[in-house]
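What follows is the residue order along each chain.
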Amino acid sequence: MTVPLIKVVAGCAGSGKTAWIHQQIQDTTVEDKDIIYFTPGTGNVSIDKNRIAADFPQIQVFSDNQEVDLLKEIPKAKAVYIELGFYLHLSSLSPILNNLPYHPVAVLPPHLKDSEYHAWADEIIPGIPVETNSSKHLWRVVTDTQVIDEDSLEEFWYELTHGAYGKVTRAKAIFDVNDGRSIYCDFVAGVPQIGYLELNLPRYLEGRPQRFSGIEVAGENLDETALEQTLSDCFLSDLLIKQYQQQVKQMLLEGMNV
């Protein structure tokens with residue numbers, strides 16, 4: 001049995017692990033269907049998995065509770081990327097991979113020296129210069145079927161990233177917005193923010209979205225109650241969702257007739 005080169009990628013919160021894997025997949029010369037991406041430990045809030053799946057729809061993506069299927073597919077693949085969240089121990093993959101050989105890669109802020117990642121990795125990739133000791137609190141919420149209007153999202157995201165709910169060092173989310181698009185939001189403390197990214201998914205314009213959405217926030221002293229309440233207040237009712245969808249469909253129809 002030929003085992004493909006398995007790259008296990010680890011690093012600090014926000015250091016650029018997913019971005020590095022994304023670039024590797026984008027630059028690869030093998031067929032998309034021969035690539036595997038696996039992110040353990042994310043439960044049902046697998047934001048990175050859903051972003052990778054949207055950008056590269058032909059690759060195989062796996063998350064928790066799919067380890068048996070993953071091991072069946074690995075021998076058929078030509079490239080395997082496994083992303084370890086900062087909250088997982090570096091040895092946590094050993095029982096999952098069942099002693100398959102892998103290449104450990106650490107994506108780390110340039111100022112970090114002589115860490116456990118350095119001792120573990122065979123390859124060090126310079127990443128984003130993030131803080132390395134301020135991600136002690138992790139808050140995750142699934143928001144499937146919910147829709148948020150963009151103005152409310154702008155306000156919520158600004159408050160979130162400017163300390164209204166505690167010290168946030170890393171935040172990422174996928175939300176369905178009122179015009180039917182699926183939006184990826186990304187924040188790393190100390191790094192200039194870019195605009196929201198529209199995922200490569202069709203607009204959802206028929207009722208409540210039947211696809212993944214959710215948010216993950218890492219930091220210190222996070223006020224989970226306030227976060228949940230504010231986010232809940234941003235979600236649209238069935239009536240407003242229907243009204244927005246009708247407006248967007250009408251706009252798109254008029255655009256086709258021009």
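Refer to the structure presented above.
Residues numbered from 1 in each chain as written. Predicted model: local features only at pLDDT ≥ 70, side-chain atom pairs only at ≥ 80, totals over all residues. Heavy atoms only, no water.

## Digging into the side chain of Asp34
And then number 1: Locating Asp34 in the fold gives a position in the loop between helix H1 (17-27) and strand S2 (35-38).
And then number 2: Residue classification places Asp34 among the buried residues on the basis of a relative accessible area of 14%.
And then number 3: Beyond its immediate chain neighbours, meaning those up to four positions away, Asp34 contacts Lys76, Ala77, Lys78 and Ala79. (Helix = DSSP H or I, 4+ residues; strand = E, 2+ residues; numbered from the N terminus. Buried < 20%, exposed > 50% of the residue type's maximum accessible area, 1.4 Å probe, protein only. Contact = heavy atoms within 4.5 Å.)

## What about the sheet that holds S2?
And then number 1: Read from one edge to the other, the open sheet built from six strands follows the order S3-S2-S4-S1-S5-S6, with strand pairing classed as parallel. In this open sheet, the two strands that pair with only one neighbour each are strand S3 (60-62) and strand S6 (123-126). Shown here is a sheet whose adjacent strand axes are inclined to one another by a mean of 20°, direction ignored.
And then number 2: Sheet topology places strand S1 (residues 6-11) next to strand S4 (residues 79-83); four bridges connect them, and they run parallel. Each residue of the ladder has a partner; that of Ile6, found in S4, is Val80.
And then number 3: Its contacts with the sheet put H1 on S1, S2, S4, strand S5 (103-108) and S6, and the angle it makes with S1 is roughly 150°.
And then number 4: Each of S2, S3 and S4 touches helix H2 (residues 47-55); the most contacted strand, S3, lies at about 170° to it. (Pairing = 2+ DSSP bridges. Axes fitted to C-alpha atoms, helices over the stretch in contact; angles between N-to-C directions.)

## Some details on the side chain of Thr161
And then number 1: Along the chain, Thr161 turns up in helix H6 (residues 150-161).
And then number 2: One polar contact links the side chain of Thr161 to the main-chain carbonyl oxygen of Trp157, over a distance of 2.8 Å.
And then number 3: Separated by 3.3 Å, the side chains of Thr161 and His162 make a polar contact.
And then number 4: Contacts of Thr161, omitting those with residues within four sequence positions, involve Phe187 and Gln193. (Polar contact = N/O pair within 3.5 Å; in protein donor to acceptor, adjacent residues only side chain to side chain.)

## Focus on the sheet that holds strand S7 (residues 137-142)
And then number 1: The five strands are arranged S7-S11-S8-S9-S10 in an open sheet whose pairing can be described as antiparallel. Two strands lie at the open edges of the sheet, namely S7 and strand S10 (197-198), each paired on one side alone.
And then number 2: Pairing of strand S8 (residues 167-176) with strand S11 (residues 214-220) involves seven bridges; the strand directions are antiparallel. Pairing of Ala171 across the sheet is with Val217, part of S11.
And then number 3: The sheet strands contacting H2 are S8, strand S9 (182-188), S10 and S11, and the helix crosses S8 at an angle near 45°.
And then number 4: The strands touched by helix H7 (residues 224-234) within the sheet are S7, S8 and S11, with S7 carrying the most contacts at an inclination of about 25°.

## Overview of the packing of aromatic side chains
And then number 1: The final tally for this structure, using the stated rule, is two aromatic pairs.
And then number 2: Here Phe86 and Tyr87 contribute two aromatic rings whose centre-to-centre distance is 5.2 Å and whose plane-to-plane angle is 70°, an arrangement assigned as edge-to-face.
And then number 3: A residue is classified by how much of its surface remains accessible, and Phe86, at 22% relative accessible area, is partly exposed.
And then number 4: Look at Phe156 and Tyr165: their rings are 6.1 Å apart centre to centre, the planes differ by 45°, and that puts the pair in the tilted class. Assigned by exposure class, Phe156 and Tyr165 land together as buried.
And then number 5: One Lys or Arg, Arg140, reaches over the ring of Tyr87 and ends 4.6 Å from the middle of that ring. (Phe/Tyr/Trp six-rings, centres within 6.5 Å; stacked < 30°, edge-to-face > 60°. Lys NZ or Arg CZ within 6 Å of the ring centre and 35° of its normal.)

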